[in-house]
Amino acid sequence: MYYGGYPPYPPPAPEAAPSITPPGTTSEEHSNLFVCGIAPTVSSEELNSVFSPYGIIESAKVLIDYETGASKGFGFVKFKSAEVARLAMRALDGHQLHGKHIQVRLAQQTGVEKRKPGVAGSRFTPYGAPPNPYAHTPYPPYPPYPGMPPYMAPPVAPRPAASTVITDPSNLYVTNLSPEATDDTLKGWFTPHGAVTSAKAIKDPATDKCRGFGFVRMTSGVAAAAAIKALHGTQPEGAARPLLVTHKSTRV
């Protein structure tokens, strides 16, 4: 006979052990990197080129202040694989880009974390009973009308994540150049590895100095691959740090 005629409450349901994502998974929270300390002159394309040697990138973006058009100094790089994301994080954390050392971390999962049944503060009861199905039913959005406040406007579907492709295997991206580097400097580095069609060190119009990166087009993809193998990671005269030489990729 129970006191008061009611049985005791059942004990709380045990909390499930946290899952550990194994290496090589493609979960968003383990393959998405947060990059801060980005110089104002770094574009999304250049950020993509810096990280692309480590694996396939689904998206790379430097966040822009839409009122001023200036970089916010941070961005995100999302890899297809969590394993290569960790590899890139270890390799590029502290890497100097346009005179600033970037910091690379795993991006925190955005939004409200999903609660587990039986956890305090969740929509479930303390003993794991199902919630009220009508407790959090959202109202349908209002149809747009002139003068509608922004907070009442219907949500806009997010754009699909951009991916990168190599459209021309003979076109190369080169970074870690010194401010004194010129077009002739690039030609001198790459000519021993194949005929060079064009070489361009990107300059700052205000100072007429190299911004630290440039582009080289070889006569063929075979010559470009040979140049990457020979020059990537080396520091010839005119380079501020070991060169990063990759295929120029295009976001689609």
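A.B. asks: Sorry if this is basic, but what is going on with the overall build of the chain here?
C.D. replies: Each helix and strand counted, the chain has 5 helices and 12 strands in total. Counting all 252 residues of the chain, 30% fall into the buried class. Taking the intrachain contacts of the chain between residues at least 6 apart in sequence as the baseline, contacts between residues at least 24 apart amount to 64%.

A.B. asks: Explanation requested: the packing of aromatic side chains in the structure shown.
C.D. replies: Tallied over the entire structure, the rule returns 6 aromatic pairs. The interplanar angle of 55 degrees and the centroid separation of 5.7 Å between the aromatic rings of Y173 and F215 together place this pair among those described as tilted. You can see Y173 sitting in strand 8 (residues 171-177) and its partner F215 sitting in strand 10 (residues 209-218), a full 42 residues away along the chain. Of the residues examined, Y173 reaches a relative accessible area of 1% and is grouped as buried.

A.B. asks: Which parts of the structure should I look at to understand the sheet that holds strand 3 (residues 71-79)?
C.D. replies: In any sheet, the strands associate via hydrogen bonds between backbone groups, in a parallel or an antiparallel arrangement. Judged by pairing direction, the sheet is antiparallel, and its 4 strands sit side by side in the order 2-3-1-6 without closing on themselves. Every other strand in the sheet has two partners, leaving strand 2 (57-64) and strand 6 (103-106) as the edge strands with one partner each. This sheet shows a mean twist of 20 degrees between the axes of neighbouring strands, independent of strand direction. Two strands pair when backbone bridges link them, and strand 1 (residues 32-36) and strand 3 are joined in this way by 5 bridges, in the antiparallel orientation. The residue of strand 3 that forms the bridge with F34 is F76. Here helix 2 (residues 44-51) sits on the sheet in contact with strand 1, strand 2, strand 3 and strand 6, set at roughly 140 degrees to strand 2.

A.B. asks: What exactly am I supposed to notice about the sheet that holds strand 10 here?
C.D. replies: Strand order in this open sheet of 4 strands is 9-10-8-11, and the pairing throughout is antiparallel. For this open sheet the edge positions go to strand 9 (196-204) and strand 11 (239-247), each flanked by a neighbour on one side alone. The sheet shows a mean angle of 20 degrees between the axes of neighbouring strands, taken without regard to direction. Where strand 9 lies against strand 10, 7 bridges are found, and the strand directions are antiparallel.

A.B. asks: I would appreciate a short explanation of the pairing of strand 1 in the present structure.
C.D. replies: Burial analysis of strand 1 places 4 of its 5 residues in the buried class, the great majority of the element. Here strand 1 runs beside strand 6; their pairing, made up of 4 bridges, is antiparallel. Paired with L33 across the two strands is L106, which belongs to strand 6.

A.B. asks: Looking at this structure, I do not really get the nonpolar core. What am I missing?
C.D. replies: In terms of nonpolar packing, the biggest core is built from 23 residues, with L33, V35, F51, V77, F79 and V104 touching the most fellow members. At the level of secondary structure, the elements contributing two or more residues to this core comprise strand 1, helix 2, strand 2, strand 3 and helix 3 (82-92). Per element, the largest residue contribution to this core is 4 residues, and it comes from helix 3. Those residues in contact with V104 that sit more than four places away from it in its chain are L33, F34, V35, F51, M89, L92 and D93. Ranked by size, the runner-up nonpolar core spans 20 residues in total, among them V174, L177, L186 and A223.

A.B. asks: Would you mind showing me how to read the environment of S178 here?
C.D. replies: Looking at the element boundaries, S178 is found in the loop between strand 8 and helix 4 (183-190). Accessibility expressed as a relative area gives 10% for S178, which makes it buried. For the pair S178 and R211, spaced 33 residues apart in the sequence, the C-alpha separation amounts to 8.0 Å. Apart from the residues lying within four places of it in its own chain, the contact partners of S178 are C210, G238, A239 and A240. Within the structure, the side chain of S178 is placed 2.8 Å from the backbone oxygen of G238, a separation counted as a polar contact.

Criteria and cut-off values
- In this numbering scheme, every chain counts its residues from 1 along its sequence in written order.
- Local features in a predicted model are, by the rule used here, given only for residues with pLDDT of at least 70; side-chain atom pairs are given and counted only at 80 or more, and totals for whole chains, interfaces and linings are based on all residues.
- The side-chain values count all of the structure's non-hydrogen atoms but skip hydrogen atoms and water molecules.
- In DSSP terms, a helix is any run of H or I states spanning at least four residues, a strand is any run of E spanning at least two, and both are numbered starting from the N terminus.
- Here's how the labels work: a residue is buried when its accessible area is under 20% of the maximum for its type, exposed when over 50%, partly exposed in between, all with a 1.4 Å probe on protein chains only.
- Any two residues having at least one pair of non-hydrogen atoms within 4.5 Å are treated as being in contact.
- Between the rings of Phe, Tyr and Trp (Trp by its six-membered ring), a pair exists once the centres lie within 6.5 Å; its type follows the angle of the planes, with under 30 degrees stacked, over 60 edge-to-face, and the other angles tilted.
- Strand pairing follows a simple DSSP-based rule, namely that at least 2 bridges must link the two strands.
- Orientation is described by lines fitted to C-alpha atoms, with helices fitted over the stretch in contact, and by angles between N-to-C directions that extend from 0 to 180 degrees.
- Think of a nonpolar core as a cluster: buried Ala, Val, Leu, Ile, Met, Phe, Trp, Tyr and Cys residues, connected wherever their side-chain atoms sit within 4.5 Å.
- Identification of polar contacts relies on pairs of N or O atoms within 3.5 Å, with a donor-acceptor requirement for protein atoms, meaning one able to donate a hydrogen and the other able to accept it, and with residues adjacent in sequence counted only if both atoms are side-chain atoms.

Structural measurements only, silent on function.
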